[in-house]
Amino acid sequence: MMNHFMILAVLLHLRTCYTAYSQQESSVFPVTYLNISKDSDLQQLLVEWDVVKSAHDAELAMSFEIQVRRTDEAATVWTEFHNVTLDKLEKPLHWTWDSDIPLECMSHAVRIRSKAEASKIWSQWSLWETLPGLDTSNRSGPLIFPKEKVLAEGSDITLCCIGRKGQTIKEFSVYPAIDVFKHTNSQVSLLTVENLSHDKGSDIYVYCYDEDKQFHHADFFVGRPPDTPKDFSCQTRDMKRVTCTWTEGETYLYGKNSPRYTLSKTSSQKMSLCEASCSKQCSCSWDIGQQRIWNVTLTVENLLGKKTATDVFDVKHRIYPTAPLQVWEDSTDTEITLHWNYEKIGVELFWQTEVLQPDGKVELHNSSDVESRHKRVTVRGLQPYTAYTARVRCGAAKHFWRWSEWSPPLPIRTKEGTPSGKLDMWREITPVLGGQNVTLFWKKTPSFQANGKIISYEVTWEKLEDGSKPESFSFSSVYNSTRIFIDNHSYKISIMAKNNVNFSLPSVLIISGAPDNSTEELKEGLVNGTDDGILISWEPRSIYDSYIIDWCNFPRLQPCDLQWKRFGPNTSSAVISSAAFVPGVRYKFRIYGSVANKASILEKKIGYLRELPPRLDPVVRKVDLTYHSVTLSWDSYLTDESEPGFLRGYHVYVSPIQGNCNLKGSKKHLLPDDSELCKYTIENPEEKRYTVEHLMPNTKYKIVVKAFTGGGETPIVNFRYIDTPYNSNMLYFVFLLVIVPTLVAAVCHWKMKWVKECCCPVIPSPNKSKVLSFKECKIDSEKVLKINDCIPDVLAMDSNDETQKLHPVTWSPLSSTPTEEKIDVHNSSWIYPSENVARDFPPPSMPETHTCFENFAYSSPLEAESDPCQIPETLEAGKTAVMLYQPQCYLDIFHEDAASTTRETGDRKKSLRYISQTDVHCMGGRL
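Residues numbered from 1 in each chain as written. Predicted model: local features only at pLDDT ≥ 70, side-chain atom pairs only at ≥ 80, totals over all residues. Heavy atoms only, no water.

For the protein, the count of helices and strands is seven helices and 59 strands. Sequence-distant contacts in the protein: of pairs separated by 6 or more residues, those separated by 24 or more amount to 66%. Counting every atom, the protein has about 54,300 Å² of accessible surface; 52% of that belongs to carbon and sulfur. (Helix = DSSP H or I, 4+ residues; strand = E, 2+ residues; numbered from the N terminus. Contact = heavy atoms within 4.5 Å. Areas by Shrake-Rupley, 256 points an atom, 1.4 Å probe, with all protein chains shown as cover.)

Next up on the list: the nonpolar core. By size, the foremost hydrophobic cluster in this structure holds 40 residues, and its most contacted members are Phe232, Leu263, Trp286 and Leu338. For this core, the leading source of residues is strand β29 (residues 387-396), giving five residues. With near-sequence residues (within four places) excluded, Leu338 lies in contact with Val327, Trp328, Glu329, Thr353, Lys375, Arg376, Val377, Ala390, Val392, Leu410 and Ile412. (Core = buried A, V, L, I, M, F, W, Y, C linked by side-chain atoms within 4.5 Å. Buried < 20%, exposed > 50% of the residue type's maximum accessible area, 1.4 Å probe, protein only.)

Let's shift gears to the pattern of salt bridges. Evaluated as defined, the whole model comprises 23 salt bridges. Notably, a salt bridge pairs Arg380 with Glu335, separated by 3.5 Å at the nearest N-O pair. Of this pair, Arg380 sits in the loop between β28 (374-379) and β29 while Glu335 sits in the loop between β24 (325-331) and β25 (336-341), and the two are 45 residues apart along the sequence. Residue Arg380 is classed as exposed on the basis of its relative accessible area, which comes to 56%. With a relative accessible area of 24%, Glu335 lands in the partly exposed category. The closest approach of N and O atoms between Glu603 and Arg541, which form a salt bridge, is 3.5 Å. Of this pair, Glu603 sits in strand β44 (residues 598-608) while Arg541 sits in the loop between β39 (534-537) and β40 (546-552), and the two are 62 residues apart along the sequence. The exposure class of Arg541 is partly exposed, given its relative accessible area of 31%. Overlapping salt bridges, with partners in common, bring together Lys53, Asp57 and Glu90 in one network. (Salt bridge = Lys/Arg side-chain N within 4 Å of Asp/Glu carboxyl O.)

On to the sheet that holds strand β22 (residues 293-302). Taken in spatial order, the four strands make up an open sheet running β19-β18-β22-β23, and their pairing is antiparallel. Edge positions in the sheet fall to β19 (268-275) and β23 (305-314), since each has one partner strand and no second. Each strand of the sheet is rotated relative to its neighbour by a mean of 35 degrees, with strand direction disregarded. (Pairing = 2+ DSSP bridges. Axes fitted to C-alpha atoms, helices over the stretch in contact; angles between N-to-C directions.)

Let us look at the state of the cysteines. Scanning all chains against the criterion turns up seven disulfides. Across the disulfide, Cys161 is cross-linked to Cys208 (sulfur-sulfur distance 2.0 Å). Sign of the S-S torsion, about 65 degrees for the bond between Cys161 and Cys208, identifies this disulfide as right-handed. Taken together, the positions of Cys161 in strand β10 (residues 157-162) and Cys208 in strand β14 (residues 203-210) put the pair 47 residues apart, joining distant regions of the chain. With its sulfur 1.8 Å from that of its partner, Cys234 forms a disulfide with Cys244. Classification of the bridge connecting Cys234 and Cys244 rests on its S-S torsion, roughly 105 degrees, and on that basis the disulfide is right-handed. Here the residue Cys234 occupies a position in strand β16 (residues 230-236), and Cys244 occupies one in strand β17 (residues 241-247), the gap between them amounting to ten residues. The pair formed by Cys234 and Cys244 is uniform in burial state, with each residue classed as buried. (Disulfide = S-S within 2.5 Å.)

Applying the stated criterion to the full structure yields 28 aromatic pairs. With 6.2 Å between their ring centres and 50 degrees between their planes, Phe350 and Phe400 make a pair best called tilted. Taken together, the residues span a long stretch of sequence, with Phe350 in strand β26 (residues 349-356) and Phe400 in the loop between β29 and β30 (410-413) at a distance of 50 residues. Classification of Phe350 by relative accessible area gives partly exposed; the value is 24%. With a centroid separation of 4.5 Å and an interplanar angle of 45 degrees, the aromatic rings of Phe581 and Tyr587 are classed as tilted. The pair Phe581 / Tyr587 is uniform in exposure class, with both members buried. Feature note: the residues Trp442, Tyr457, Phe473 and Phe475 constitute an aromatic cluster, connected by ring pairs. Lying across the ring of Trp122, Lys115 places its NZ or CZ 5.4 Å from the centre. (Phe/Tyr/Trp six-rings, centres within 6.5 Å; stacked < 30°, edge-to-face > 60°. Lys NZ or Arg CZ within 6 Å of the ring centre and 35° of its normal.)

For the rest of this paragraph, the subject is the environment of Thr626. Checked against the element boundaries, Thr626 lands in the loop between β45 (620-625) and β46 (630-634). Separated by 99 residues in sequence, Thr626 and Pro725 have C-alpha atoms that sit 6.4 Å apart. Ignoring sequence-local partners within four residues, the contact set of Thr626 consists of Thr724 and Pro725. Separated by 2.6 Å, the side chains of Thr626 and Ser629 make a polar contact. (Polar contact = N/O pair within 3.5 Å; in protein donor to acceptor, adjacent residues only side chain to side chain.)

Looking at the protein, the pLDDT average stands at 79 and 76% of residues meet or exceed 70. For the stretch residues 18-25, pLDDT sits under 50, and the model shows seven contacts to residues farther than four places along the chain or on other chains. The low-confidence segment residues 805-927 (pLDDT under 50) makes 218 contacts with residues lying over four places distant or belonging to another chain. (pLDDT = per-residue confidence, 0-100.)

Moving on to the sheet that holds β25. One open sheet accounts for three strands, arranged β24-β25-β28; its pairing is antiparallel. Whereas interior strands pair on both sides, the edge strands pair on one side only; in this sheet they are β24 and β28. Strand after strand, the sheet turns through a mean of 20 degrees between neighbouring axes, direction not considered. Here β24 pairs with β25 via five bridges, running antiparallel. Considered in β25, the bridge of Trp328 is made with His339.

Turning our eyes to something else, we now look at the pairing of strand β18 (residues 260-265). Direction of pairing for β18 relative to β22: antiparallel, over a ladder of six bridges. Each residue of the ladder has a partner; that of Arg260, found in β22, is Glu301. As paired strands, β18 and β19 are joined by four bridges and run antiparallel to one another. Its bridge partner lying in β19, Lys265 is registered against Ser268. Here β18 hands over to β19 after two residues, the two strands then running antiparallel side by side.

Side chains of Leu737, Val738, Ile739 and Leu743 sit close together on the surface and give an oily, nonpolar patch of about 350 Å² of accessible area. By relative accessible area, Val738 is classed as partly exposed at 41%. (Patch = residues over 30% accessible without salt bridge, like charges linked within 9 Å, V, L, I, M, F, W, Y side chains within 5 Å.)

In this sheet, strand β36 (residues 491-498) lies alongside strand β33 (residues 456-463) in antiparallel orientation, the contact comprising eight bridges. Bridging across to β36, Thr460 finds its partner in Ser494. Pairing of β36 with strand β37 (residues 507-511), which is carried by five bridges, proceeds in the antiparallel orientation. Paired with Tyr491 across the two strands is Ile511, which belongs to β37.

Time to look at the environment of Leu45. Tracing the sequence through the fold places Leu45 in strand β2 (residues 44-51). You can call Leu45 buried: its relative accessible area is 0%. Distance in space between the C-alpha atoms of Leu45 and Val68 is 9.7 Å, their sequence separation being 23 residues. With residues up to four places along the chain from it excluded, the contact list for Leu45 reads Ser37, Val68, Trp95, Thr96, Trp97, Leu103, His108, Val110 and Leu131.

Below, the discussion takes up the side chain of Lys605. One can find Lys605 in strand β44. A polar side-chain atom of Lys605 sits 3.2 Å from a polar atom in the side chain of Glu603. The residues touching Lys605, leaving out its near neighbours within four places in the chain, are Gly525, Val527, Ile536, Ser537, Tyr587, Lys588, Phe589 and Ile591.

For Glu524, the position within the fold is in strand β38 (residues 524-529). Classification of Glu524 as partly exposed rests on a relative accessible area of 35%. Separated by 83 residues in sequence, Glu524 and Gly607 have C-alpha atoms that sit 9.7 Å apart. In contact with Glu524, not counting residues within four places along its chain, are Lys588, Lys604 and Ile606.

This paragraph deals with unusual backbone geometry. Keep in mind that most residues, glycine aside, have a negative phi and that most peptide bonds are trans. Geometrically, the link from Phe145 to Pro146 is a cis peptide bond, its omega value of -5 degrees lying close to zero. The residue Pro146 is located in the loop between β8 (143-145) and β9 (150-152) in this model. Note the cis peptide between Gln558 and Pro559, where omega equals -5 degrees. One non-glycine residue, His399, adopts positive backbone phi at about 55 degrees. The topology assignment puts His399 in the loop between β29 and β30.

Pasting the structure below:
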């Protein structure tokens, strides 16, 4: 039975729960109360609402949808879902919304609807609850919101200007000018500034005005929230009062917006220990009383934020003593003693003294505390008559925290002492009649210490040979040289410096009695300048214990200011430097070796710190021109001491006026204007003449001669212009090559016939001769003349000898070869005249024999073997013998001894005169 009751109770509870859940799914719980307000400082919209009591009683989990809109915008500007579980206390619900524009700029409205989380049914929207903006109110002029405030650097802000009802905003701007975004309707104008910065000033000035020129403005300040205080620490100076210091951070906010500092006990921050003050450094002080351990907190805050810093300390461990005051001194030549008074503070101190040397070095001397109020410290090992600066400070001997400040610096000079070291003395000797003038020079060396104020110098000289009484003379301290006369004996000269205490050690020189003539025989060597000075080198000698080099800083002044420098026995070179050395000035150096205070000259040197180009160029006195060369002659170049460098030679520059220069043996040289010259270098400074060859005839050249030194040469400014003449040899060649052949050709053309007859005589051709104008017959291609067709008028022989040598040759018709026949000749020269014999003569009753001889004027042979032509009217077979005319033979009928050898035939070729056929009369006419 009991079990039945239990089952019934469970079922009843389940039914109740199901009924409640079913009611949640089917029921809505509308908003019964809605109210909105604003927080102007935070620019937040505050919403408060509630639902029916049954929802609280059921402790339902509810969801609310909240919407926000502005009056000038039809759409909702914000929607958000808010979940909450109700309780039975029936407290109203709250929600805040941060507006992106000032809430005063326009009216804002809110509405809400709800539903149980277990339900899918939303309630009806509540009515819009409106928070009026100032755009709905009546005002006398425009207003800007938000009101003046401090803005964080890097943030964004939206401003608005609200005009009067019915008025339009005409201008809404920011100064200084920055990038803004504007949105304007007729009455409200919005302006958004992004990423605020202090670069253009920490103050932003905003202004606006409407149609009636009603004006309003507002100021905003851009800054940073404060940083955590830096270098925050606390210390005491007298164990009575504690002072905390720190460094102020930059917030770019000033005046009433400056950061506020509060120093308080960490355990009770509501009570401030002191009021802070800030100038270069912030500080805050308070009386410590009997408390020794402190835990303090420093708070810094402004309108943008707040930061804190904490320090925990024991006062005895934070002692920062004050500086000693009223320090005085007393001194000797090598030490000083400092004195001061200092009040006790109940803590043991130790002291530190700083002594500043003349060379800038600092010496620190520590000393412990004494019970007496009067304190002192002694510093030893100082230099006599030397200026020092001293000061004192102190710190806690136990639990050292920090040094006090230094006492005011105290200048101190130690007392005078005996001079230490020797003066450096040198001399210049000038031989004169009866002795020598010795000019003495002296200076202080680095090892020499005057140890006081030098008041005079004492010079003493004595003869070495006879031990005579020394002579001496005192000079004021303003002098550093003097001149004395000595005879031609050896002397010892010494000098000492004197201050108010004593003399220095003497510096000694030995002057030889005999004048040193070796100086004139020494040849001057050349030395070179470097970046640091002039390099001098010499040949070391083992007999000397030191070397001296002397020179004049201003060699052109007389007397010059002699300078000298000493070197050790192992030195063989040195760089001589002086602030007086300038480029282009020739300096002379003399090198001495010294042993036992006696010096001898070793070498002479001359040189420049840096050579400069010559001041003048050589003067060209003579120019000799040919068609292919120019010879320049110039005067000797002055090379005295006034020259700014050693003359090394000459440069000759040549260039044609037109075109570039490419002369053989030259180098190219470019001028600053990029024009090109040919350059010849003459490395012998003694040369005064130079010939430039390979020039072109009839060409204009510019030429200049420049002297150069180790420092180069001066720029080329002026040229000398020359014109090379015509090449006469070329004219002759042209004449011979062109004119003469032309004349010869003209003459030959004029006397062509005569020239032809002299040089090339015409050799008659039988084919062209009139003698062949007969009824012809041909053998091969040649015409043949019958002998009876041509009867010569005259046959002449030029020489009797030749006549006698002729061998008649007979031609027989019965034989094909000629035969010789002797004929008596009674005259050495003869002529057969023609008596106009008739052409037709009766044939002889007996065979006739004809004679011929060789004619060497013809070259084509013709063999008469037989009669190739038969002439019926003149030839009859077997009755008449015919001798054919042979152009190759003379008729040889004069002498029985005809030439039979080749040599004799050749002789006749040379002696027989040829008679042209054109001059032979045949048959009473001229052929």
